[in-house]
Amino acid sequence: MNREARHNTPRRPSVRRYPRLMKWTIRFFSGVAVAVVYFIVFSIFFDTPIEYELKKSTRRIENEYEVLLQRYDTLQQVLANVSERDRSVYNILFESDPQMQEDQDRQRRLDFRKRLEGMSNLELGNWFDEHLGLLYQQVTNYVAMTEQQQARVAADVRKALSIPAIQPVDNHQLTLLTASFGERVHPFFKTMTQHTGVDYSVPTGTAVFATADGEVRSLKARSQTSGLSIVIDHGNGYETVYSHLDKVVAQPGRHVNRGDIIAFSGNSGLSFAPHLHYEVRYKGKPVDPLNYFFVELDMPSMRKLREISRMGMQSFD
C-alpha cells in the first residue's frame, strides 16, 4: 500500500520554476540598466528645452557683453586721443601740464572696468538690466523734450507763415510799384496826403496773392472809396488790405495760405487808373509794406525797389 501511495502522489513543479524566475529577473535588471545608460548618454549629448533656452540666453548676454566691451574700448581710445590733444594744447598755451583730474577719471574708469570683469553672469545681467532701465528713462525724457521742441518749432513756423513776406503781385522785374508808403500827392485833390500803402500799376485782371497765411475777415463793396477790397487777418496783430479789385476769389471766413490767389486787380472805387493798392497793418496801424518783402527779395533788390518807389510822387488813389 505504501508503494502504491507513493506512485499516486503528484510531483512538484517548483524545481522547474526557478530557472524562469531567474531569467525574467535578469531581463528586468538588464532593461533597467539599458534605460539608465540611455538616459545618461542622452543627458550628456542632448539638452532639455529648459537647458537649451538657458544656454541660449547665456550666449546672448555674453555676446552683448562682448559688443559693449568693444564699444567701451573704442570710446576709451577716442577719449585718450582727445585727452592727449587737450594736454598738448594746454602745454602750448600755459607751458605746464594740466590738472590731474582726467588721470583720476581714467583710473576710476579702469577700476570700474575691472569690477565689471569680476562680476558673474548673474551679477552682470542684473547690472545691465538696472542701467538699461536708467538709459530707457533718459531716452524717454529726451523724446519728451524733443517733442516739446518740435511743437515749439511748429508754432514758430506757423507764426512765421502768418507774417506778410512777399509782394501781392508778380513783380520780379521790380517795375510795377509806382507809389510807396508816406506823403504823396493825391491824384484828384492835388495835395500832399498820407499814403497808407503801396500802389502797383497793373492791368485789370492781374492775379493778386495772399502775402501770408490767414483768414479773410471782410469784403468791402465797390461803392467804397477803396473800391472792392479784401482784408485778411493773419493773427499776431497783422492784417493786409487789397483794394480797387475787379474780382474776388476768397470769400470772408476762408483760410488762405501765402501765395494763394485771392482776387484779380481792377479799377474800382476812387482810382486814377487800374492798379492794386496794398497795405500792411500791425496792431491796427499802417506800416511800410516795403519792409515785408524779405522772403521774396534780397537786399540789393530791396534797395532797387525803394529807389524806384521814391520816384513816384503821386499815388493812384
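Rules behind the numbers
- Residues numbered from 1 in each chain as written.
- Predicted model: local features only at pLDDT ≥ 70, side-chain atom pairs only at ≥ 80, totals over all residues.
- Heavy atoms only, no water.
- Core = buried A, V, L, I, M, F, W, Y, C linked by side-chain atoms within 4.5 Å.
- Buried < 20%, exposed > 50% of the residue type's maximum accessible area, 1.4 Å probe, protein only.
- Helix = DSSP H or I, 4+ residues; strand = E, 2+ residues; numbered from the N terminus.
- Contact = heavy atoms within 4.5 Å.
- pLDDT = per-residue confidence, 0-100.
- Phe/Tyr/Trp six-rings, centres within 6.5 Å; stacked < 30°, edge-to-face > 60°.
- Polar contact = N/O pair within 3.5 Å; in protein donor to acceptor, adjacent residues only side chain to side chain.

For the protein, an unreviewed UniProt entry supplies the name M23 family metallopeptidase and the organism Candidatus Rikenella faecigallinarum.

**Q** Even after reading the chapter, I still don't get the nonpolar core, so can you show me in this structure?
**A** Nonpolar side chains tend toward joint burial in soluble globular proteins. Of all hydrophobic cores here, the largest spans 29 residues; its most connected members are Tyr242, Leu245, Ile262 and Phe293. Elements represented by at least two residues in this core include exactly strand E4 (198-200), strand E7 (228-235), strand E8 (238-248), strand E10 (261-265), strand E11 (276-282) and helix H6 (299-311).

**Q** Is there a simple way to think about the side chain of threonine 211 in this case?
**A** On the secondary structure map, threonine 211 appears in the loop between strand E5 (207-209) and strand E6 (214-220). By relative accessible area, threonine 211 is classed as buried at 0%. Ignoring any residue separated from it by four or fewer positions in sequence, one finds threonine 211 in contact with Ile163, Pro164, Ala165, Ile166, Gln167, Pro168, Thr240, Tyr242, Arg258 and Tyr278.

**Q** Hey, could you run me through the confidence of the model for the protein in this one?
**A** Low-pLDDT stretches of the model should not have their predicted coordinates read in fine detail. Counting all residues, the mean pLDDT for the protein is 81, and 85% of those residues have values of 70 or more. Helix H1 (residues 2-8) is the least confidently modelled element of the protein, averaging 51 in pLDDT, while E5 averages 96, the highest of any element.

**Q** Mind showing me how you'd approach the packing of aromatic side chains here?
**A** Geometrically, a pair of aromatic rings is defined through the distance of the ring centres and the angle of the planes. Applying the stated criterion to the full structure yields three aromatic pairs. Taking the centre distance of 4.7 Å and the plane angle of 45 degrees together, the rings of tyrosine 238 and tyrosine 282 count as tilted. Highlighted residues: tyrosine 238 in strand E8 and tyrosine 282 in strand E11, separated in sequence by 44 residues. Of the residues examined, tyrosine 282 reaches a relative accessible area of 32% and is grouped as partly exposed. With 5.3 Å between their ring centres and 45 degrees between their planes, tyrosine 242 and tyrosine 278 make a pair best called tilted. Within this pair, whereas tyrosine 242 is found in strand E8, its partner tyrosine 278 is found in strand E11, the two being separated by 36 residues in sequence. The exposure classification of tyrosine 242 matches that of tyrosine 278, with both residues buried. Ring pairing ties together the aromatic residues Tyr238, Tyr282 and Tyr292, which thus form one cluster.

**Q** Got a minute to help me understand unusual backbone geometry in this structure?
**A** One can expect most non-glycine residues to show negative phi and most peptide bonds to be in trans. Not every positive phi belongs to a glycine, and asparagine 236 is a case in point at roughly 55 degrees. Position of asparagine 236 among the secondary structure elements: in the loop between E7 and E8. For histidine 244, which is not a glycine, the phi torsion comes out positive at approximately 60 degrees. Following the sequence through the fold, histidine 244 ends up in strand E8.

**Q** Looking at this structure, how should I read the side chain of aspartate 288?
**A** The topology assignment puts aspartate 288 in the loop between strand E12 (285-287) and H6. Polar side-chain contacts of aspartate 288 include one of 3.1 Å to the backbone nitrogen of leucine 290. Apart from residues no more than four positions distant in its own chain, aspartate 288 is found in contact with Phe181 and Arg306.

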